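# Descriptive structure summary
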Amino acid sequence: MFVDSVEIIIASGKGGPGMVSFRREKFVIKGGPDGGDGGDGGDVYFEVDNNTDTLASFRGTKHHKAKNGAPGGTRNCTGKKGEDKIIVVPPGTQVFADDKLWLDLVEPKERVLALKGGKGGLGNAHFKSATKQQPTYAQKGLEGVEKCVRLELKLIADIGLVGFPNVGKSTLISTISNAKPRIANYEFTTLVPNLGVVSVDEKSEFLMADIPGIIEGASEGKGLGISFLKHIERTKVLAFVLDASRLDLGIKEQYQRLRLELEKFSPALANKPFGVLLNKCDVVENIDEMTKDFCAFLNLEAQKLEAFGLEPYLGFLHPHLTSDFENNPDEKSALFVLPLSAVSALNVHALKFVLLEALL
């Protein structure tokens, strides 16, 4: 089960109480106080583990508490410190307290102190003096800290696929990566995000994320899109997957509606570097004319594709991808416009190298 939002209660341990004790040994007359200090309460840590990508483990466990410190002992012995509570979360987890972002946990193996345990109380040995030689009291340990927090997961990927339902995003990610999503010929087959590792060669690979299809009004809560748009906020490059074979909605209209939903959801997301994939091009007779018209719509000049072993269709590749282009690509300009077919794997292998160059 994919879970990306949970509420839990975390609490650090209480400090152990100090000990009231007096030295009692043979031949030692009226030994002084020797009560030890209580142990400190356990701390609460969040630790990032890249072997997990869901918050499902928190669904059945709401309370996460560190152990209390042990009481102080005789002969000035300090009580044992309470055992720390380490909460393991996947990379990309955000921790909210009082509806404000508290922690943003991204780096694998990162361990962050969330709550400090209560300090142990002082034993009666600390309170002896010339005028108070037999103190009969000790400090109680300090209480731990308790907080109700909300964990929100935003998947971390390099490439994020964006498109309407049933445009072939799941087929594409299953063809190009090691992901095995559910695939069927109807809308909303994908109900949860999918992550896949794309291996380009022996030394290069990147992460690709596929989210459920976006429909018009997704930014306002329609469909599944708004629940998962956050999972592509951390991506470096967006890839708009458009259905070139769709008759009721052209590729320009698909792109405009997707772009509008992203802008409504997050302006920062809409301004990310992006490219466009014209899927199902093998069943479209006038794909070159369609691509040329779409490139003109984006103020780009269509060209014959030859780099990276692409099939000789018309398309667009930014100079940044094919040469030592020194200037950074314009965020408003597409990095690529590529016809492909996820089913027949047309241009899919070459797409790996295009996406890798787009990330550099």
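Please refer to the structure higher up on the page.
Attention in this report is confined to the structure presented alongside it. (Residues numbered from 1 in each chain as written. Predicted model: local features only at pLDDT ≥ 70, side-chain atom pairs only at ≥ 80, totals over all residues. Heavy atoms only, no water.)

## What about the overall build of the protein chain?
The number of helices and strands found in the protein chain is 7 helices and 16 strands. Considering the protein chain as a whole, with its 360 residues, one finds that 49% of them fall into the buried category. Counting every atom, the protein chain has about 18,300 Å² of accessible surface; 49% of that belongs to carbon and sulfur. (Helix = DSSP H or I, 4+ residues; strand = E, 2+ residues; numbered from the N terminus. Buried < 20%, exposed > 50% of the residue type's maximum accessible area, 1.4 Å probe, protein only. Areas by Shrake-Rupley, 256 points an atom, 1.4 Å probe, with all protein chains shown as cover.)

## So, the side chain of Q254
Along the chain, Q254 falls in helix α3 (residues 251-265). At a separation of 3.0 Å, a polar atom in the side chain of Q254 contacts the main-chain carbonyl oxygen of L249. Setting aside residues up to four positions removed in sequence, Q254 forms contacts with F164, V167, L242, D243, R246 and L249. (Polar contact = N/O pair within 3.5 Å; in protein donor to acceptor, adjacent residues only side chain to side chain. Contact = heavy atoms within 4.5 Å.)

## Here's the deal with the sheet that holds strand β9 (residues 159-162)
The strand order across the open sheet formed by 8 strands is β10-β11-β9-β12-β13-β16-β15-β14, and the pairing between neighbours is mixed. Because the sheet does not close on itself, it has two edges, and the strands there are β10 (194-199) and β14 (303-304). The pairing of strand β13 (residues 274-279) with strand β16 (residues 336-339) spans 3 bridges and is parallel. Residue L278 lies in a different strand from β16, and its bridge partner there is P339. (Pairing = 2+ DSSP bridges.)

## Comments concerning the side chain of E152
With respect to the helices, strands and loops of the structure, E152 is situated in strand β8 (residues 146-153). Here the side chain of E152 touches S5 through a polar contact of 3.0 Å, side chain to side chain. A distance of 2.8 Å separates the side chain of E152 from the side chain of R150, its partner in a polar contact. Non-local contacts of E152, meaning those with residues more than four positions away in its chain, are made with D4, S5, L55, G92, T93, Q94, F96 and K230.

## Looking at α3
Relative to the 21 Å expected for 15 residues at 1.5 Å per residue, α3 spans 21 Å between its end C-alpha atoms, a close match to the ideal helical length. Here the buried face of α3 lies against β9, β12 (237-243), α4 (267-270), β13 and α5 (287-297). (Expected span 1.5 Å × (residues − 1).)

## Re the nonpolar core
If you look at the biggest cluster of nonpolar residues, it comprises 61 residues, and the most contacted ones within it are V276, F336 and V337. Top contributing element to this core by residue count: helix α7 (residues 348-359), with 7 residues. Setting aside chain neighbours within four positions, we find F336 in contact with F274, G275, V276, L277, F316, L317, L321, V354, L355 and A358. With 23 residues, the next largest nonpolar core counts V3, F46, F58 and L155 among its residues. (Core = buried A, V, L, I, M, F, W, Y, C linked by side-chain atoms within 4.5 Å.)

## Re the sheet that holds strand β1 (residues 5-11)
Spatially, the 5 strands line up as an open sheet ordered β3-β1-β8-β5-β6, and their pairing is mixed. The open sheet has two edge strands, β3 (63-65) and β6 (100-105), and neither has a second partner. The sheet shows a mean angle of 30° between the axes of neighbouring strands, taken without regard to direction. The sheet contact formed by strand β5 (residues 93-97) and β8 spans 5 bridges and is antiparallel. Paired with V95 across the strands is L151, a residue of β8. (Axes fitted to C-alpha atoms, helices over the stretch in contact; angles between N-to-C directions.)

## Comments concerning the packing of α3 against α5
At a minimum axis distance of 10 Å, the contact between α3 and α5 shows a crossing angle of 40°. Between α3 and α5, the contacting residues are I251, K252, Y255 and Q256 on the first element and M290, D293, F294 and F297 on the second. Grouping the constituent residues of the contact of α3 with α5 by class yields 5 nonpolar, 1 polar and 2 charged. (Nonpolar A, V, L, I, M, F, W, Y, C, P; charged D, E, K, R; others polar.)

## Brief notes about the environment of I251
For I251, the location among the structural elements is in helix α3. Taking the C-alpha atoms as reference points, I251 and V241, separated by 10 residues in sequence, lie 9.5 Å from one another. Setting aside anything within four residues of it in sequence, one finds I251 in contact with L242, D243, A244, L278, M290 and F294.

## A look at unusual backbone geometry
Unusually for a residue other than glycine, N166 sits at a positive phi of about 65°. In this fold, N166 is placed in the loop between β9 and α1 (169-176). The exposure class assigned to N166 is partly exposed, which follows from its relative accessible area of 32%. Even without being glycine, N299 reaches a positive phi, approximately 60°.

## A closer look at the pairing of β13
Taking burial as the measure, the 6 residues of β13 include 6 buried ones, the bulk of the element. With burial as the criterion, each face of β13 is covered, one bearing F274, V276 and L278 and the other bearing G275, L277 and N279. The pairing of β12 with β13 spans 6 bridges and is parallel. By the bridge assignment for β13, D243 is matched with N279.

## Considering the pattern of salt bridges
Under the criterion given, the structure shown has 15 salt bridges. Between R23 and E25 there is a salt bridge; the shortest N-O distance is 3.1 Å. Judged by its relative accessible area of 38%, R23 falls in the partly exposed class. In this structure, D288 engages K304 in a salt bridge whose closest nitrogen and oxygen atoms are separated by 4.0 Å. Of this pair, D288 sits in helix α5 while K304 is found in strand β14, placing the two residues 16 residues apart along the sequence. Given the relative accessible area of 25%, D288 is considered partly exposed. (Salt bridge = Lys/Arg side-chain N within 4 Å of Asp/Glu carboxyl O.)

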